[in-house]
Amino acid sequence: MVCIENSEAKKSASLTFAVSGEGVQTLSLNLTIFEASLALLRANYLLIFAGAGFSADSGLETYECMPELYRDFCKPFSLLQEEDAFQKYWLESAKTYANALPHEGYHILDRWCAGLASSPSQDTTQKNNSSSPFWVYTSNVDGHFRRFNSLRQCLCEIHGYCNEFRCSSAMGLEKGIERQGSIWMIWNAKAMANMTAKCADEINGAVLLNKSDTGSENSSFFPGKPLQCVHCGLPMRPNVLMFHDTDDNVLRSIRRQCERYQAWEQLIEDDVVLNGKNLVILELGCGLNVPAARQESEEVLRDCINRIACRNSKNGNNEPTAEVTLIRVNPKDARIDNTIQGLSIYDTSLSALRQINHCMKSMKETLIYL
C-alpha cells in the first residue's frame, strides 16, 4: 500500500491510497474524513450529539431561521394570553415534524450503532441498555431519533419532544411554589380547582401526535378548539422545554432521560479511563445559538482527558492507552478550541456522514485501519 498526502491546509488536506492486490485500487479522500473514519472504526463507545443543524438536512428550520412566532410562543406565559394561537402554532409544528422524513444520516448512525452493539469487542456486561456502547444526546424536539428502535432506547432529549402534549396544570408552579403575578394567580386558582393526580401521569396524562393524526399534508391540524386534558379540562401544551419554563409535567420526563444519560456517561467514562477503551464523541450540527449540546460534548471530552492524564501521572505510562476523539461537524462553526483536541469537519451533517460511511467501508475492504 502506498500513501501520498496532499495538503496545503488542514481543512482541505487529502490522502491518496494505492492498494495492491489482483489489481490496484486508488482511494482519494479528505484527511480529516480519514481520521474520523479511523477513530470510529476503532471505537468501543460512540456518543452522538445532535443539534438543529442535523435536522436541517431533513428540511427542518434551525433556530436562527425560526419565524418570529416561535419566539412569541416558546414561552409558557403565552398560553395564558393567547390560548388558541399558542396551540395552533405548536400543533402545526407537530404536524411539520411528523410529516418530515428522517434523512439518510439517521439510517447511517443507526447502522453504525447496531454494528457497534454487535461487535465481538463488546463485553457481555455491556450488552444491555444501561451500558450500551452508544448514546444520543440531542437538543432537537422533532423526535426523529425515536423512529429507530435502537436509538430510541438510548436517547436523551434535553429540550423534550414536540409531538407529545401534556396537561398544563403545573405550568404556574416552580418546585411546588406558585409563580408570582396576577395572571399566574388566576391561572393557579383555576388549575388547583380542576387538576387531578392523573394530570401528571407520564403515560395516561400525555397525548402523542403521530403522522396519522395530522391529516393530509396540506390540511390544517388545528381542530378548531383547544386540545384539552381529559382529566381536568385544562389546555394541553407540547412536551417542550420553553424559555423560563418551570412546568414539572415537562421537566419530569426530561429529567428522567438526563439521569439515564448521566449514569451511562459515568459508566463508559470509567471504562475508557480505567480500561483503555476508545470513545468517539460525534457532534452533528450543534451550533452556537443553542450551545447546550456543544457544551456537554466538550465537558465530556475534558473530563476524560483530564482523568486519563491524572491516572498516567500517578501510574506512569504502563496503563492501557485510551483514545478519546471529538469529531465536530458543522458547515460554519466547526472550529475547536485550542485547549482541546479534535477533528473539525466544515460540512453539513448528511454530507459528512455519507463521506465517512463511504471511507469506513473502503477502509474495511482494504484493511487500512488494522
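This text goes with the structure placed above it.
Residues numbered from 1 in each chain as written. Predicted model: local features only at pLDDT ≥ 70, side-chain atom pairs only at ≥ 80, totals over all residues. Heavy atoms only, no water.

A. Focus on the overall build of the protein. Helix and strand content of the protein: 11 helices and 14 strands. Here the protein, with 370 residues, has 49% of them falling under the buried criterion. Nonlocal contacts in the protein, meaning residues at least 24 apart in sequence, comprise 68% of its contacts between residues at least 6 apart. Of the accessible surface of the protein, which amounts to about 17800 Å², a share of 51% is contributed by carbon and sulfur atoms. (Helix = DSSP H or I, 4+ residues; strand = E, 2+ residues; numbered from the N terminus. Buried < 20%, exposed > 50% of the residue type's maximum accessible area, 1.4 Å probe, protein only. Contact = heavy atoms within 4.5 Å. Areas by Shrake-Rupley, 256 points an atom, 1.4 Å probe, with all protein chains shown as cover.)

B. Region of interest: the sheet that holds strand S6 (residues 155–157). A sheet is described by the order of its strands in space; here six strands give the open sequence S6-S5-S4-S12-S13-S14, paired in parallel fashion. The strands lining the two open edges of the sheet, one partner per strand, are S6 and strand S14 (343–345). Averaged over all pairs of adjacent strands, the angle between their axes in this sheet comes to 15°, without regard to strand direction. Relative to S6, strand S5 (residues 134–138) runs parallel, the two being bridged by three bridges. If you follow Val136 over to S6, its bridge partner there is Leu155. Sheet strands in contact with helix H9 (residues 248–275) are strand S4 (45–50), S5, S6, strand S12 (279–284) and strand S13 (324–329), and its direction is about 140° off that of S4. Packing of helix H11 (residues 349–366) onto the sheet brings it into contact with S12, S13 and S14, and relative to S12 it is tilted by some 145°. (Pairing = 2+ DSSP bridges. Axes fitted to C-alpha atoms, helices over the stretch in contact; angles between N-to-C directions.)

C. Up close: the sheet that holds strand S10 (residues 206–208). Judged by pairing direction, the sheet is antiparallel, and its three strands sit side by side in the order S10-S7-S11 without closing on themselves. Since the sheet does not close on itself, it has two edges, and those belong to S10 and strand S11 (236–240), each with one partner. Put simply, the sheet's adjacent strands are angled 40° from each other on average, direction ignored. Across five bridges, strand S7 (residues 160–167) lies against S11 in antiparallel orientation. Of the residues in S11, the one forming a bridge with Arg166 is Arg237. Along the sheet, helix H5 (residues 83–99) makes contact with S7 and S11, crossing S7 at roughly 140°. Running over the sheet, H9 touches S7 and S11 and is turned about 25° from S11.

D. The arrangement of helix H10 (residues 292–315) in detail. Over its 24 residues, H10 extends 35 Å from the first C-alpha to the last, a length consistent with the 34 Å expected when each residue adds 1.5 Å. Residues Ala293, Arg294, Glu296, Ser297, Glu298, Val300, Leu301, Cys304 and Ile308 constitute the buried set of H10. Taken from the residues just after H10, Gly316 is the one with a positive phi, measuring 80°. (Expected span 1.5 Å × (residues − 1).)

E. Up close: the nonpolar core. Core analysis: the largest hydrophobic core is formed by 64 residues, its most contacted members being Leu279 and Leu282. The greatest single-element share of this core, amounting to eight residues, is contributed by helix H1 (residues 31–42). Setting aside residues no more than four positions away along its own chain, Leu279 makes contact with Tyr45, Leu46, Leu47, Ile268, Val272, Val300, Cys304, Glu323, Val324 and Thr325. Core analysis: the second largest hydrophobic core is formed by 30 residues, Trp90, Phe165, Cys229 and Cys232 among them. (Core = buried A, V, L, I, M, F, W, Y, C linked by side-chain atoms within 4.5 Å.)

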